[in-house]
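# Coordinates in review
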Amino acid sequence: MEAVDKIWLNGDLVDWADATVHLGAHALHYGTGVFEGIRCYSTESGPAVFRLRDHLERLEQSARLVRMRLPFSVDELHAACLELVAANELPECYLRPIAFYGAGELAVLPRGNPVDLGIMCWPWGTYLGEDGQRLGIRAMVSSWRRVGPNTIPHAAKATGVYLNSMLAVDEATRNGYDEAILLTDDGSIADGSGEHVFVVKGGVIRTPDLSASILPGVTRDTVVHLARELGYEVEETALIRSDLYQADEVFMTGTAAEVTPLRSVDDHELGVGPVTREVQEAYLDTVRGRRAAPPGWLAPVEPASALLG
Ligand code: PMP
């Protein structure tokens, strides 16, 4: 991670090196945090944060699902994210808001612990690599199952859940693959360690529905919208692993991964096909303001000088 100048912490901009957390922070011990991953892109009219409000509303929903009360409103966090990017003068970056139970009591129940809220941003290139985005990545179906809906509410982007993702991607990379695909306990496809999965067959695009222990993905929603706009039929439906092996194309989506083709799953070779390319291009055009988007999808970053003046 490349250090930048400032981090937003509990309402103030602090120096990167000063944004530290006490060893007694509840979230460090029990994974009691909720967070977001957001991207800011360069557009013709300056940097703009993609679907910022949607991400922050999901953060609020995540907190609600784990019964955490956020100390700032969506409007306040919206302004804070834009202020932070402006302060760091970054044309493109990744933003990571995180709310977590801080230091206080260390019982499992965070009774009276403060909810700390920080936002970091830093330049972060393609998550699965430039080559991955162009030529496709190799994925394997993990032996680790996705946390079930009655274990942890999967609509919450909660820090503790990522141990599940970490084990899966660790297993995949140890076995020479780039990314993992996790199944639900009943064998349906859930998602990647940090991405959603889309399968293309006979010109129809399919992706697991929200009951498959997945996050309500912002990129997933964007891609469904764009694919329909491009004239594709898109179905949200249960999928199984052989749907991956028999697909014409498979791709993954995520704020970090954007639209990344899969060139194989469990060594079943897949082509990096025209549908994935078309959706990928539409996505990259949308986030950089080159393609008309619904109102509110691009939140412009005012230069720091304008904020001061
Ligand atoms: N699945 C998981 C497990 C994730 O962590 C992410 C990243 N937030 C995604 C899917 C993709 O979601 P989004 O498009 O909202 O970034």
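Residues numbered from 1 in each chain as written. Predicted model: local features only at pLDDT ≥ 70, side-chain atom pairs only at ≥ 80, totals over all residues. Heavy atoms only, no water.

## Notes on the overall build of the protein chain
To keep it simple, the criterion reads: By the criteria applied, helices consist of DSSP H or I runs no shorter than four residues and strands consist of E runs no shorter than two, each listed in order from the N terminus. The reference for a compact globule is 2.2 Å times residues^0.38; the radius of gyration itself is calculated from the C-alpha atoms. When accessible area is computed with a 1.4 Å probe and restricted to protein chains, residues below 20% of their type maximum are described as buried, those above 50% as exposed, and intermediate ones as partly exposed. In this description, contact between two residues means that some pair of their heavy atoms is separated by no more than 4.5 Å. In these tables, accessible area is a Shrake-Rupley quantity obtained with a 1.4 Å probe, and a residue counts as shielded only by the protein chains included in the view. Charge counting follows a simple rule: Lys and Arg are positive, Asp and Glu are negative, and His as well as the terminal groups are ignored. For this purpose, a charge sits on NZ of Lys, CZ of Arg, CG of Asp or CD of Glu.
A tally of helices and strands in the protein chain yields 9 helices and 17 strands. Radius of gyration (C-alpha) of the protein chain: 19 Å, near the 19 Å computed for a compact globule of 309 residues. Projecting the C-alpha coordinates of the protein chain onto the three principal axes gives extents of approximately 55 × 50 × 30 Å. When the 309 residues of the protein chain are sorted by exposure, 50% land in the buried category. Long-range pairs, those at least 24 residues apart, make up 71% of the contacts in the protein chain with a sequence separation of at least 6. Surface exposure of the protein chain reaches about 14100 Å², of which carbon and sulfur atoms provide 51%. The average position of the 26 basic charges and that of the 44 acidic charges among the side chains of the protein chain differ by 4 Å.

## Some remarks on the packing of helix H2 (residues 52-65) against helix H3 (residues 74-88)
Short version of the rule: Working convention: axes come from line fits to C-alpha atoms, limited for helices to the stretch in contact. Angles between N-to-C directions cover 0 to 180 degrees. By the definition adopted for this analysis, an angle is roughly parallel if under 35 degrees, roughly antiparallel if over 145, roughly perpendicular if from 65 to 115, and oblique otherwise. Left-handed describes a crossing whose near helix is turned anticlockwise from the far helix by less than a right angle; the clockwise case is right-handed. The residue classification treats Ala, Val, Leu, Ile, Met, Phe, Trp, Tyr, Cys and Pro as nonpolar and Asp, Glu, Lys and Arg as charged. All others, Gly included, are polar.
At a minimum axis distance of 10 Å, the contact between H2 and H3 shows a crossing angle of 130 degrees. Taken together, the axis directions place H2 and H3 in an arrangement best described as oblique. By crossing handedness, the relation of H2 to H3 is classed as right-handed. On the side of H2, the interface is formed by Leu52, Arg53, Leu56, Glu57, Leu59 and Glu60, while H3 contributes Val74, Asp75, Leu77, His78, Cys81 and Leu82. Of the residues that constitute the contact of H2 with H3, the class distribution is 7 nonpolar, 1 polar and 4 charged.

## Brief notes about the nonpolar core
Inside soluble globular proteins, nonpolar side chains tend to come together where they are buried. Our working rule: As used here, the term nonpolar core means buried Ala, Val, Leu, Ile, Met, Phe, Trp, Tyr and Cys residues forming a set that is joined through side-chain atoms within 4.5 Å.
One finds Val49, Leu77, Leu95 and Ile119 to be the most contacted residues of the largest nonpolar core, which totals 38 residues. Of all the secondary-structure elements, those providing two or more residues to this core are strand E4 (38-43), H2, H3, strand E6 (93-101) and strand E7 (115-122). It is H3 that provides the largest number of residues to this core, a total of 8 residues. Setting aside anything within four residues of it in sequence, one finds Val49 in contact with Ile38, Arg39, Cys40, Leu82, Leu95, Trp297, Leu298, Ala299 and Val301. Formed by 20 residues, the second largest nonpolar core is a distinct cluster that contains Tyr41, Phe50, Ile205 and Val287.

## Things to note about the packing of aromatic side chains
For clarity, the cut-off: For this analysis, a ring pair means two rings from Phe, Tyr or Trp (six-membered ring only for Trp) whose centres lie within 6.5 Å, classed as stacked if their planes differ by under 30 degrees, edge-to-face if by over 60, and tilted for the remaining angles.
Applying the stated criterion across every chain, the model contains 9 aromatic pairs. Relative to Phe72, the ring of Trp8 lies with its centre 5.0 Å away and its plane at 70 degrees, an arrangement referred to as edge-to-face. In this pair, Trp8 sits in strand E1 (residues 6-9) while Phe72 sits in the loop between H2 and H3, placing the two residues 64 residues apart along the sequence. With a centroid separation of 6.0 Å and an interplanar angle of 85 degrees, the aromatic rings of Phe50 and Tyr283 are classed as edge-to-face. Of this pair, Phe50 sits in strand E5 (residues 46-50) while Tyr283 sits in helix H8 (residues 274-287), and the two are 233 residues apart along the sequence. By relative accessible area, Phe50 is classed as buried at 3%. Ring-pair connections join several aromatic residues into one group, and the members of that group are Tyr94, Trp122, Trp124 and Tyr127.

## Here we look at the site of the ligand
Spelled out, the test is: Residue proximity to a molecule or strand is established when one non-hydrogen atom of the residue lies within 4 Å of it. For the purposes of these results, a polar contact is taken to be a pair of N or O atoms within 3.5 Å, where, inside protein, one atom must be able to donate a hydrogen and its partner to accept one; residues adjacent in sequence count only when each atom of the pair is a side-chain atom.
Not every one of the 17 residues close to the ligand is listed here, only the nearest: Arg58, Lys157, Tyr162, Thr219 and Thr255. Between an oxygen atom of the ligand and a main-chain N or O atom of Val218, the distance comes to 2.8 Å. Contact between the ligand and Thr255: an oxygen atom at 2.7 Å from a side-chain N or O atom of the residue. A total of 390 Å² of accessible area belongs to the ligand in isolation, and the protein chains cover 94% of it. In terms of residue class, the shell around the ligand is made up of 3 nonpolar, 9 polar and 5 charged.

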